[in-house]
Every structure is written in C-alpha cells, then in structure tokens.
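Residues per chain are reported as follows:
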Amino acid sequence: MYGGTDAGALPDVAQHLGNLSFRVWEQIKEKLHFSPVILDPNTASPGLYLSDDLTSVRCGDTKQKLPENPERNSTYPSVFGSEGFSSGRHSWEVEVGDHPRWNVGLVKESVDRKGKLYASPEYGIWCLWHDDGKYVDCAGKAFRVKKSLQRIRVQLDYDMGEVSFYNSEDMTHIYTHRDTFTEKLFPYFCVYPAGNAKTSDIKICQNLDDNDLFKDW
C-alpha cells in the first residue's frame, strides 16, 4: 500500500506503470477508446491510502505526513487520475461494492484543491455522488436506482461536452450531464471512511468487456 513514507519527495507516477503492461494498454486505448486510469499520488489527500499499483484507494483512520505540493488535495479526501483529457472519448470503470460514501467522475485541472468547494460543474466537478444509499447527480438532484450500484462506468465525450454514467452490470444508463469543457479534465475520486462495509477500497477496473464498450457510441 502506497503510504508516502518519504515526506520530502514526490513520487514519479511513470515508474509505477510497468506492472500494467502500459504499451499494450496504449494499443487498446487507440482501438477501443478505453482509458486505463492510474491514480496520481501527488494529488492524494493525506487521509487517503493508495495501492502499490495505484489502481485502488481507501480512506484511512490517520493522516499521513506528505509534501504540501500545489497538486495535492488538502480539504477533501480526494485523488485524481494521473492522465488528463482535453479531447476525444474516454471510458473507465470503478468498483464501489457496498462502500457507503464516495464520489466519482471528472474534475477540471484548475479546481481549487486547498479550499472549500462543492461537487458540481460550477466548481469544476462532474460526478456521481453516493451517501448511505442515496445517489445524487452533479446538479445536486437525488434519484433512485433499481439496484444498488456495485460497479460504475464513467464515459467522457470531451468534444461533444458529455459526461455519462452507467451501471456496468447491465449497462443501464444512470445519467448524462452536458456542458462545455474549456480545459483538461482528470478522473476524480473522493472516498470517505468505509465503516463496517465489506468494501473498504474503491478500485479502478483494468479490464472491460469488449462486447459492450461504448454502447451508445
């Protein structure tokens, strides 16, 4: 588990990519538009603990001593993906299990990482929010789902200005938000304590079913 033991140095994300056969993923991404997301430890809140391969995150009981670099999220338990998008179509899946409180989606590069903000497009966050069985879209509107979401697909069409969310189990459309993007967007994850839930880590899935990639594209 990545814990940032050396408080005087920032990790180089590139050195962690070898275990993911990154060249193969690059070929897949070109063909299928699937974007393998790797977390950026330099953006992680001190209360978050990342896995060694940078593909899962949990909220710990204590805060780590980490460098207070400009990229780091200090106010909320958030972490961004290491690669941002400024054009094209991209998709990834997140396994949330029965974790009680999380927020996943996209965030603009210039978002305020040190002050107070809300998970809404006004502040540069396009997301799906879950809090103890309640689901809320990025406009702040609560909605119901037929079955609790265990695995979520996030899809971005930057040029069309669309962020969409799907239930990965049956590709049921959850909701789509339309906007105009003017800067680079990064995968966004906000993870709170899991409590007594079986799922403590929010995981980024590194394999998708080729048969239903980009169902509506």
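What you see is a predicted model; the values in this text were computed from it and never measured.

The rules behind these values
- Residues numbered from 1 in each chain as written.
- Predicted model: local features only at pLDDT ≥ 70, side-chain atom pairs only at ≥ 80, totals over all residues.
- Heavy atoms only, no water.
- Pairing = 2+ DSSP bridges.
- Helix = DSSP H or I, 4+ residues; strand = E, 2+ residues; numbered from the N terminus.
- Axes fitted to C-alpha atoms, helices over the stretch in contact; angles between N-to-C directions.
- Phe/Tyr/Trp six-rings, centres within 6.5 Å; stacked < 30°, edge-to-face > 60°.
- Lys NZ or Arg CZ within 6 Å of the ring centre and 35° of its normal.
- Disulfide = S-S within 2.5 Å.

Attention now goes to the sheet that holds strand β1 (residues 48-50). Read across the open sheet, the seven strands follow the order β1-β2-β13-β4-β9-β10-β11; overall the sheet is antiparallel. Across the chains shown, the open sheet's two edge strands, defined by having one partner strand only, are β1 and β11 (172-178). The average angle at which neighbouring strand axes cross in this sheet is 20°, direction not considered.

Here we take up the environment of K65. With respect to the helices, strands and loops of the structure, K65 is situated in the loop between β2 (56-59) and β3 (78-80). As a C-alpha pair, K65 and G47 span 18 residues in sequence and 9.4 Å in three-dimensional space.

Attention now moves to the pairing of β2. Summarising the sheet, β1 and β2 pair through three bridges and their orientation is antiparallel. Paired with L50 across the two strands is V57, which belongs to β2. Where β1 folds back onto β2 in an antiparallel hairpin, the turn is made up of five residues, including L54, whose phi is positive at roughly 60°. Note: β2 against strand β13 (residues 202-205), two bridges, orientation antiparallel. Residue V57 lies in a different strand from β13, and its bridge partner there is I202.

Here the focus is the packing of aromatic side chains. If you walk through the whole model with that rule in mind, you get 10 aromatic pairs. Ring pairs connect the aromatic residues W102, Y135, F143, F165 and Y175, which therefore count as one cluster. Over the ring of Y49 we find R58; its NZ or CZ atom is 4.8 Å from the centre of that ring. Between R101 and the ring centre of Y192, over which it is positioned, the NZ or CZ distance is 3.9 Å.

Right, let's talk about the state of the cysteines for a bit. Taken as a whole, this structure holds zero disulfides when the rule is applied. For the unlinked cysteine C138, the closest cysteine sulfur is that of C127, found at 6.0 Å.

Nothing here speaks to function; it is all geometry.
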